[in-house]
2 protein chains.
Amino acid sequence: MTATWEERAADKRHRIEQSIPAEWKVKSLPTADSVFDFPEKSGLLSEKEREITQSSATDLVAKLAKGELKSVDVTLAFCKRAALAHQLVNCVLEFFPEAALAQAKGLDAYFEEHKKPVGPLHGLPISLKDQLRIKGLETSMGYVSWLGKYETRDSILTALLRKAGAVFYVKTSVPQTLMVCETINNITGRTLNPRNKNWSCGGSSGGEGAMVGIRGSIIGVGTDIGGSIRVPSAFNFLYGIRPSHGRMPYGYMANSMEGQETVHSVVGPIAHSASDLRLFLTSVLSEEPWKYDSKVVPLPWRSHEEEAIRTKLQSGGLTLGFFNCDGNVLPHPPVLRGLDTVVSVLKKNGHSIVPWTPYKHDFAVDLIYGIYSADGSTDVLRDINASGEPAIPNIKDLLNPSVRKADLNDVWDVQLQKWKYQCEYLDKWRVLEEELGKELDAIIAPITPTAAIRHNQFRYYGYASVINLLDFTSVVVPVTFADKTIDVKNEEYKPLNELDALVNKEYDAEAYHGAPVAVQIIGRKLSEERTLAIAEEIGRLLGNSVTP
Amino acid sequence: MTATWEERAADKRHRIEQSIPAEWKVKSLPTADSVFDFPEKSGLLSEKEREITQSSATDLVAKLAKGELKSVDVTLAFCKRAALAHQLVNCVLEFFPEAALAQAKGLDAYFEEHKKPVGPLHGLPISLKDQLRIKGLETSMGYVSWLGKYETRDSILTALLRKAGAVFYVKTSVPQTLMVCETINNITGRTLNPRNKNWSCGGSSGGEGAMVGIRGSIIGVGTDIGGSIRVPSAFNFLYGIRPSHGRMPYGYMANSMEGQETVHSVVGPIAHSASDLRLFLTSVLSEEPWKYDSKVVPLPWRSHEEEAIRTKLQSGGLTLGFFNCDGNVLPHPPVLRGLDTVVSVLKKNGHSIVPWTPYKHDFAVDLIYGIYSADGSTDVLRDINASGEPAIPNIKDLLNPSVRKADLNDVWDVQLQKWKYQCEYLDKWRVLEEELGKELDAIIAPITPTAAIRHNQFRYYGYASVINLLDFTSVVVPVTFADKTIDVKNEEYKPLNELDALVNKEYDAEAYHGAPVAVQIIGRKLSEERTLAIAEEIGRLLGNSVTP
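A quick note: this is a predicted structure, and the numbers were derived from the prediction, not measured.

Engineer: What am I meant to see in unusual backbone geometry here?
Structural biologist: With the exception of glycine, the majority of residues adopt a negative phi angle, and the majority of peptide bonds are in the trans configuration. Residues and elements named next belong to chain A. Along the chain, Gly203 connects to Ser204 via a cis peptide bond; the corresponding omega equals 0°. Inspection of the secondary structure puts Ser204 in the loop between β7 (196-200) and α8 (206-213). One non-glycine residue, Lys360, lies in positive phi territory at about 50°. Looking at the secondary structure, you find Lys360 in the loop between β12 (352-355) and α13 (361-372). By relative accessible area, Lys360 is classed as partly exposed at 33%.

Quick look at the structure:
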């Protein structure tokens, strides 16, 4: 094999193209900035297929479980829409509709015979970030050098989703290295935002963001070590959850910097509603992942924790912390307005909002950056250089040549600082509770300083990454869209620092007009039940939720 | 300060001596090998004090909570017995009876006024390994260089125990570095086994083992990264639990290799019964440690998990795996007999015992040794050399000059191997369950290859340390005592390897006669409730439990 990296990438692109049946090819691609409505109008989807793909996962599994829908029909609908999605926004790294339909057929046959579903996800297609392994397929993760290797086993999560009845049909695009909140690699190029091709789909689970955003998928599986589930959710007006480490199984997944445990990457779903996120989490937990993956905590879904929140909704209301600036970078006007919207609607509905003082976020941002770059990029450079491909421009910070590999004792010191910081943050939370005389149920905060960003402008990870350092649960809730008539640039703004100046200079009301705006709801470690219940209520109050 | 390390150590010894009131001093120390019965016969303890110190913690807190006992009386009894213990077996690094009695007085006054206890441990004295910080006291951890530094805050566990009503009066001895299963340091020298001064008390929580063994304490707090709770429990005929990482708060405790997170040291109790271990765990969990320490999983005590075991005891019985040799080192005859005793009594009572094949324990022992020595001993040598004291001979393996500091990427690789190994072990467990068609409730195994060992002969950590690598819950149950008339040396034995040859050569029926023998009961990660319930039942069947 003496193929150049360009040839290997071209071969992969060719294979992806070949995987799309001719009858699903779009004759003439739209030229408008937004392709968001194209699938509905393409004529490629039948009325029933449009209905299926516009549904919720919760509804679909209910119908599949009653035999009111067949998995082949649901799978075919999503395969077609995913094929469209890829042609429109370039979000696919693996597409295998034939295998998917065969799997769906098997599930339908099972249902026919046993008159019951195989599991809680019976027949539901789920899309996977190209980091989850599927036996027999490649896992490129955006590295050219990984192409041509075919997996000999599933990741644990893949296997458990399969056991729960999920159908696999597509693996979605990622940025080279995964360490970026945009999605670009040297195999397939850049993935675009369906709502505007000038905007990023986010990253690193950006293929999922775009694919779920345009409903080529109903639930997508992403991962997050610094915002990689939450940023694509935010940029595509979706819900996404970053569970705490140990809740969902990550075993046998591919990764950059495998074995790095100072800050754990976590896996979680991206979807159109909090209830679909819950469906995913409860389904995986019902398979007892802790019996397969040693890092998973033996913690079944705790309905009583959701009930605790629902009880508060009935009487007294929630108590939520709130901050709109972490002291490093002030969010753009659309994001500040989005936060105000959430706060207003909550107050109007009788909930208490209390100010939260971000504790040493500047320190935390530096600490986690040091962790990302602890090996002096040895690991990612090995995989980049193995094929001769260049590094994508977006990771130049990570590949900073002044960052040398850390000494082991220094890493231990960083780990100690991390733990101390986490405990101090918990102290702040607890002390505020003692002052208030009641529980602080969650904290409302920005997830990025911007609405869906223009390409190559993602500069500040801190709103997301500090939560990774804390290992808190975080749920992204879509709120609104940037509006040039309201979200006027503050020309008087005195920046906090150089980065803040750059980020705020880049706000352009015209360019951002219509871009999705989101917030994150932050709960303590392993508080998925409560935090999701709160996120669901906020979505309901905002009127953008598809809660059944 | 130009004091030599010898002077600094002598000063500390002098201060410990001074902390024992003259009236508690033993006029003439016994010369027999065993001092085990001495406190009862010393004449120093009143009838009531003997009764208190011979009681169980569960009984004592029940009486304290009803006002039937005063904390000053209980505290005084244990202070006196602890003072005796130190004079007999040299197990103290800090002793502060005055402060303890003042604390007890305060608790009695609280009870007098409010007619209720402050918490579940109201008034109960608890001894702490000299690794837990107490504000105002030293934490030497066996390092001369740490002497003279006085703590400005409590460890989280200290603070929560205090909140639950515990009284502190003593901190117990440890080996220099903590990385040894015997207890010797250059400050106080060697801690002896109360049952025979020629035997080790175990380590590194050896001061606790000796102190609780001779009932100078009713519950002692130890830590375990390779057997350091379990070995002292075994060598002193005590119960001890190594909870999984994340169950008990370790925050702000002193440690060697602080910040090392590849294998976590964990903290847990040593006591005379499973029910007293449970009292400790439930009391700490009732304080919600996850709100203070970020590493603690928000998992209250799950009574329903205990109930699941009790239900099995009522019908069908338990299913327990069993192995008596890990393929590396065959246990001595007393330990093999101890294991047989447990298996027989379980079978006789209707439980199923199935063979468990130890999975790659040789690989695991090597892997964890590599982790212990990953920094080429940089950290421990810094603390040893800071005072000029020599290294204790027992850590020569750890300080092996051929072991160099590991490269960070190599550590990541080790972490990946660890995770993979853990998952493979879970696979074996699950597959066996599938074959059996029922749950495998726990595994019975040796905890050391020997009964309480002679000094400087502790050579093989593997039975304990593999469980640390797996992060499984493990409870030590005392079983029997070596008996020279039954436990005859097998002169025909063909050793498995050089280490096995050495360990087995050192068996001497005469020297070990009367030495405590224990087993460990191993459960999956975070299975404290179930594993403890099983350990309790085994103790009950053996007739050595003080279950109320």
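Engineer: Teacher, can you tell me more about the packing of helix α10 (residues 274-285) of chain B against helix α19 (residues 528-542) of chain B here?
Structural biologist: Residue and element names in this part refer to chain B. Remark: α10 packs on α19, axes separated minimally by 9 Å, with the N-to-C direction vectors making an angle of 160°. Viewed along their axes, α10 and α19 adopt a mutual orientation that is roughly antiparallel. When the axes of α10 and α19 are compared, the crossing they make is left-handed. Residues Ala274, Ser275, Leu277, Arg278 and Leu281 of α10 touch α19, and the partners they reach there are Glu528, Leu532, Ala533 and Glu536.

Engineer: Would you take a moment to explain the sheet that holds strand β13 (residues 442-446) of chain B for this structure?
Structural biologist: Sheet strands associate in pairs through backbone hydrogen bonding, adopting either a parallel or an antiparallel arrangement. All names here are of chain B. Across the sheet, which stays open at both edges, the eleven strands sit in the order β1-β3-β2-β8-β10-β9-β14-β15-β13-β11-β12 with mixed pairing between neighbours. The strands lining the two open edges of the sheet, one partner per strand, are β1 (92-95) and β12 (352-355). On average, adjacent strands in this sheet sit at an angle of 25° to one another, irrespective of strand direction. Where strand β2 (residues 125-129) and strand β3 (residues 167-172) come together, four bridges link them in parallel fashion. Residue pairing for β3: Lys129 is matched across the bridge by Thr172.

Engineer: Explain the interface of chain B and chain A here, please?
Structural biologist: When the parts of a complex come together, some accessible area is lost, and that lost area is often taken as the interface size. Across the boundary between the two partners, chain B contributes 47 residues, which contact 46 residues of chain A. The contact between chain B and chain A buries some 4200 Å² in all, and 58% of this surface belongs to carbon and sulfur atoms. Contact with chain A buries area across many residues of chain B, yet B:Lys291, B:Trp412 and B:Trp419 alone supply 17% of it, more than any other trio. Seen at the junction of chain B and chain A, the total is four salt bridges. The shortest N-O distance in the salt bridge between B:Glu261 and A:Lys418 comes to 2.9 Å. On the surface where chain B and chain A come into contact, there are 18 residue pairs in polar contact (both at pLDDT 80 or more). Put simply, the parts of the chain that give the side of chain B that touches chain A at least two residues each are α14 (378-385) and α15 (408-436) of chain B. By residue number, the principal contributor to the side of chain B that touches chain A is α15(B), which donates 16 residues. Among the residues forming the side of chain B that touches chain A, the class breakdown is 20 nonpolar, eight polar and 19 charged.

Engineer: How should the UniProt feature "active site" (unreviewed entry) in chain A be read in this particular structure?
Structural biologist: Residues and elements named next belong to chain A. Per the UniProt entry, the sites bearing "active site" (unreviewed entry) are Lys129, Ser204 and Ser228 in this numbering. These annotated residues cover 100 residues of sequence, and their C-alpha atoms lie no more than 10.8 Å from one another, placing them together at a single site. Tracing the backbone through its elements, the reader meets Lys129 in strand β2 (residues 125-129). Not counting chain neighbours up to four residues away, the residues in contact with Lys129 comprise Lys171, Thr172, Val174, Leu178, Ser204, Ser205, Glu208, Val221, Gly222, Thr223 and Ser228. Its relative accessible area of 1% is what places Ser204 among the buried residues. Among residues more than four places away in sequence, those in contact with Ser204 are Lys129, Ser173, Val174, Pro175, Leu178, Val180, Cys181, Thr183, Thr223 and Ser228. Side chain to side chain, Ser204 and Lys129 meet in a polar contact 2.6 Å long.

Engineer: Looking at this structure, I do not really get the nonpolar core. What am I missing?
Structural biologist: Nonpolar side chains in soluble globular proteins tend to be buried together. Judged by nonpolar contacts, the single largest core of 100 residues is most densely connected at B:Phe95, B:Ile126, B:Leu161, B:Phe280 and B:Ile444. Leaving out residues up to four positions away in the same chain, B:Phe95 has contacts with B:Ser19, B:Ile20, B:Trp24, B:Cys79, B:Ala82, B:Ala83, B:Tyr169 and B:Val170. Residues A:Ala82, A:Phe96, A:Leu124 and A:Ile134 belong to the second largest nonpolar core, which totals 99 residues.

Calculation criteria
- Residues numbered from 1 in each chain as written.
- Chains lettered and ligands numbered in written order.
- Predicted model: local features only at pLDDT ≥ 70, side-chain atom pairs only at ≥ 80, totals over all residues.
- Heavy atoms only, no water.
- Helix = DSSP H or I, 4+ residues; strand = E, 2+ residues; numbered from the N terminus.
- Buried < 20%, exposed > 50% of the residue type's maximum accessible area, 1.4 Å probe, protein only.
- Axes fitted to C-alpha atoms, helices over the stretch in contact; angles between N-to-C directions.
- Parallel < 35°, antiparallel > 145°, perpendicular 65-115°, else oblique.
- Left-handed = near helix turned anticlockwise from the far one by under 90°.
- Contact = heavy atoms within 4.5 Å.
- Pairing = 2+ DSSP bridges.
- Buried area = accessible area lost by both parts, 1.4 Å probe.
- Salt bridge = Lys/Arg side-chain N within 4 Å of Asp/Glu carboxyl O.
- Polar contact = N/O pair within 3.5 Å; in protein donor to acceptor, adjacent residues only side chain to side chain.
- Nonpolar A, V, L, I, M, F, W, Y, C, P; charged D, E, K, R; others polar.
- UniProt positions renumbered as here; feature names shortened; annotations may be inferred.
- Core = buried A, V, L, I, M, F, W, Y, C linked by side-chain atoms within 4.5 Å.

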